[in-house]
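Below are the chains, spelled out letter by letter.
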Amino acid sequence: MERPPPSDWGRPRTAVTKRVDRVGEAGWNREIASRPRKRTKAIFVCLETDMAKKERKPDQGDEKLYALRHSAAHVMAGAVLELFPGAKFGFGPPIQDGFYYDFDLARPLTPDDLGKIEAKMQDVVKHDAPFQHRDDSEDEVRDGRVSIYQHDGFVDLCKGPHVASTGKIGPFKLLSIAGAYWRGNERNPQLQRIYGTVWPVQKQLDDYLKRLQEIERRDHRVLGKELELFRIDEELGSGLVLWLPNLSIVREELETWWRKIHRDRGYTLVYTPHIAHEKIYLRSGHLEKYGENMYGPLLLDDGTQKFWIKPMNCPGHIKVFQSKIHSYRELPLRIGELGTVYRYERGGTLHGMLRVRGFTQDDSHIFCSWDQAQDEIGKVFDLALEFLSVFGYTDPSIYLATRPEKRLGSDELWDKAEAALKTALGIREVAYKVDEGGGVFYAPKIDIRVHDAIGREWQGATVQIDLNLPERFDVTFVNEKGERERAVMIHRVLFGSLERFVGGLIEHYAGNFPVWLNWEQVAVIPVRESALPYARDVATRLRTENFRVHLDEQAGDLRNRVKEAQQRKASYMLVVGDKEAAAGTVSVRRRGSRDEERGVALDAFVDRIKKERESKALPADFAQHEPSAGDSIA
RNA sequence: GCCGACGUAGCUCAGCCGGUAGAGCAGCGGUUUCGUAAACCGCCGGUCGGCAGUUCGAGUCUGCCCGUCGGCUCCA
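Definitions and limits used
Residues numbered from 1 in each chain as written. Chains lettered and ligands numbered in written order. Predicted model: local features only at pLDDT ≥ 70, side-chain atom pairs only at ≥ 80, totals over all residues. Heavy atoms only, no water. Axes fitted to C-alpha atoms, helices over the stretch in contact; angles between N-to-C directions. Helix = DSSP H or I, 4+ residues; strand = E, 2+ residues; numbered from the N terminus. Parallel < 35°, antiparallel > 145°, perpendicular 65-115°, else oblique. Left-handed = near helix turned anticlockwise from the far one by under 90°. Contact = heavy atoms within 4.5 Å. Pairing = 2+ DSSP bridges. Near = heavy atom within 4 Å. Polar contact = N/O pair within 3.5 Å; in protein donor to acceptor, adjacent residues only side chain to side chain. Nonpolar A, V, L, I, M, F, W, Y, C, P; charged D, E, K, R; others polar. Core = buried A, V, L, I, M, F, W, Y, C linked by side-chain atoms within 4.5 Å. Buried < 20%, exposed > 50% of the residue type's maximum accessible area, 1.4 Å probe, protein only. Disulfide = S-S within 2.5 Å.

1. Here's the deal with the packing of helix α6 (residues 245-264) against helix α10 (residues 370-390)
α10 packs onto α6 with a crossing angle of 150 degrees between their chain directions and a minimal axis gap of 13 Å. If you check the angle between α6 and α10, you find them roughly antiparallel. Classified by chirality, the crossing of α10 by α6 is right-handed. Counted together, Trp257, Trp258, Ile261 and His262 of α6 and Leu383, Phe387 and Val390 of α10 form the full contact between these two elements.

Given below as structure tokens:
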């Protein structure tokens, strides 16, 4: 079946086309043409547009890696063209750890094709054909200069840089096939994208592939099954998470701690309903702006009453605030809730616990005056950093996301809000990057992104100044002059959603939770039946200290029972036999370790694990890996 | 939602060109009493994602739907 070509592709020609209409947002405007077979197989035109002149993105690698990835992408494109005559080409940029290239082909690619393409690429690499650069061409182009790279019989018109010759391309591997919209716009036709990776030396490729395996091993969906953490049941509904008993314990601990740190910081914790009358979502603008994602309506009283399931907690918190008139003396008023919301996300976007349809936000709305706003933002900011560091997330980077093109509220308000965020960051002297236009339609925001144990970046916390709802709901307080004044509404989350956060934690810890969160803090394993009474005493003692203990009463091989405790990810295994019973000691073995520490006094152990629990210490088997070596060549 | 792949017992997977399901682990019942990552024997367990269709006959072929996975788009 022939798919229609992307709408703004050029017609095949015998020479480089001169039709260059406009510069796309993606930066590279290109036309495709084909030349007589023998000499030239395909031609790309890359104009030097503003975007093209822009610096490389940091994750595309330094200049050498960029060239390597870029060159591999072009060699791949050449190989694809040989195997699929008539193939058309989209973009093929370097990306973090590799490259991709988009193609329009007569038939869908299969995994087998990847091997064939790889083989062709190997041939080209063996050939060691030089990448030749020409700075102009015989072709007319309205604006910009044409820059051509050529290797073998294959001509690329693009800006480079490339490696000197195809032989300089290091070990590579094609990884996956995926669909991708032409120019990233979902109204456009879809192309087939091949992802690949390439490295200067074999060891780096091996390391990278090992890292991919490590990521797979940590996948929260896999660990979620193995450790009985959560389940998503088709019959119950996709995107809806069942927290199994083990993970429920983790959540309970997190929530308890969350409540404590919020009460300590002057937050008022509330509960609001899960469904609400249509009126409120008409007023808030949610139905208009967000209706497609909302569950509902629920029709009652013959359809005259409409209710919707809440997708956000803000309207409820505003109603809490408005339950009485507030004096400036009461501000800032910090209203917080572990608020469960439901959003109908498109099917293809769901992903384990990281992208679901029902989730609980640790949501807070801070109502204050403009004078107080930057101070409040600063406090949230400090809290967020403190909070994230407890989990061992490191190397936070801060982004200030400013007004997007499509937005609500006057420029004057946006100026004020952005200024408040900036000042808060400035006072704390933190380095931050500006994400121009990255704000949401109703608010500029500060995002905190952190790195996990294997160097991946996660969205940590976000702070926004809402410019929409205070107006719509006429949220006010009484100022010192006795006048009603518009309140500022700061919206913030720390976890984001508990589902996403905990899903991320599973991967971050690789299932090895610290003592304070672990569902099985101690496994008590008697060597044989004769030690069972003592084992019971040990378990009882620990339970008195509020530890979660698994007492292993089954008969069987000790080795096997230790293995099972390791597999359940118990933080500690206490093996007790007749010797321990006589001495009042335990033999301590830590999760992940093959060594045991014998003859530890029970009291000493209790003391140790209590300290570990109270300090929320990261587990001994937690290792912070180096961030991806990926972006430069040492 | 879109492109592609996939969907067999609680889990991981086998099942050749269509002839009416098989293993390991888990579970259960025994046996084993054993000092730190898999003791032995037996048993139970499957509307082969769902609904249609082709066929004498479908887990195997076709269509639609649901779900999952890799991405795109979107996002907490």
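2. Notes on the sheet that holds strand β28 (residues 572-576)
Pairing within the open sheet is mixed, and its five strands lie in the order β27-β26-β28-β29-β30. The open sheet is flanked by β27 (549-551) and β30 (596-601), the only strands paired with a single partner. On average, adjacent strands in this sheet sit at an angle of 25 degrees to one another, irrespective of strand direction. With four bridges connecting them, β28 and strand β29 (residues 585-590) associate as antiparallel partners.

3. Thoughts on the protein's contact with RNA strand B
Looking at RNA strand B, there are 53 residues lining it, with Tyr181, Gln190, Arg355, Ser587 and Arg589 nearest. Backbone atoms, meaning sugar and phosphate, make up 50% of the atoms of RNA strand B lying within 4 Å of the protein. At 3.2 Å from a base nitrogen of RNA strand B is found a main-chain nitrogen or oxygen belonging to Gly348. Arg559 places a side-chain nitrogen or oxygen 3.3 Å from a phosphate oxygen of RNA strand B. Ranked by the residues each element gives to the surface near RNA strand B, the list is headed by helix α15 (residues 558-567), at six residues. A class-by-class count of the residues in the surface near RNA strand B yields 13 nonpolar, 18 polar and 22 charged.

4. A word on the sheet that holds strand β22 (residues 457-466)
The strand order across the open sheet built from eight strands is β13-β17-β18-β25-β22-β21-β19-β20, with neighbouring strands paired in mixed fashion. One side of each edge strand has no neighbouring strand; the edge strands of this open sheet are β13 (267-269) and β20 (432-435). With direction set aside, neighbouring strand axes in the sheet form an average angle of 25 degrees. In the sheet, strand β19 (residues 394-401) pairs with strand β21 (residues 445-451) via six bridges, with the strands oriented antiparallel. Each bridged residue has a counterpart across the sheet, and for Tyr399 the counterpart in β21 is Asp447. Against the sheet, helix α11 (residues 411-427) contacts β19, β20, β21 and β22, and its axis sits at roughly 155 degrees relative to β19.

5. Details of the nonpolar core
Of all hydrophobic cores here, the largest spans 61 residues; its most connected members are Phe387 and Phe391. Top element by residues in this core is α10. It accounts for eight residues. Setting aside residues up to four positions removed in sequence, Phe391 forms contacts with Leu254, Trp257, Phe495, Phe501, Leu505, His508, Tyr509, Trp516, Leu517 and Leu618. Ala72, Phe99, Val163 and Phe172 belong to the second largest nonpolar core, which has 31 residues in total.

6. Concerning the state of the cysteines
Scanning all chains against the criterion turns up zero disulfides. No disulfide involves Cys314; its sulfur sits 15 Å from the nearest other cysteine sulfur, which is in Cys368. Here Cys314 falls in the buried class, since its relative accessible area comes to 2%.

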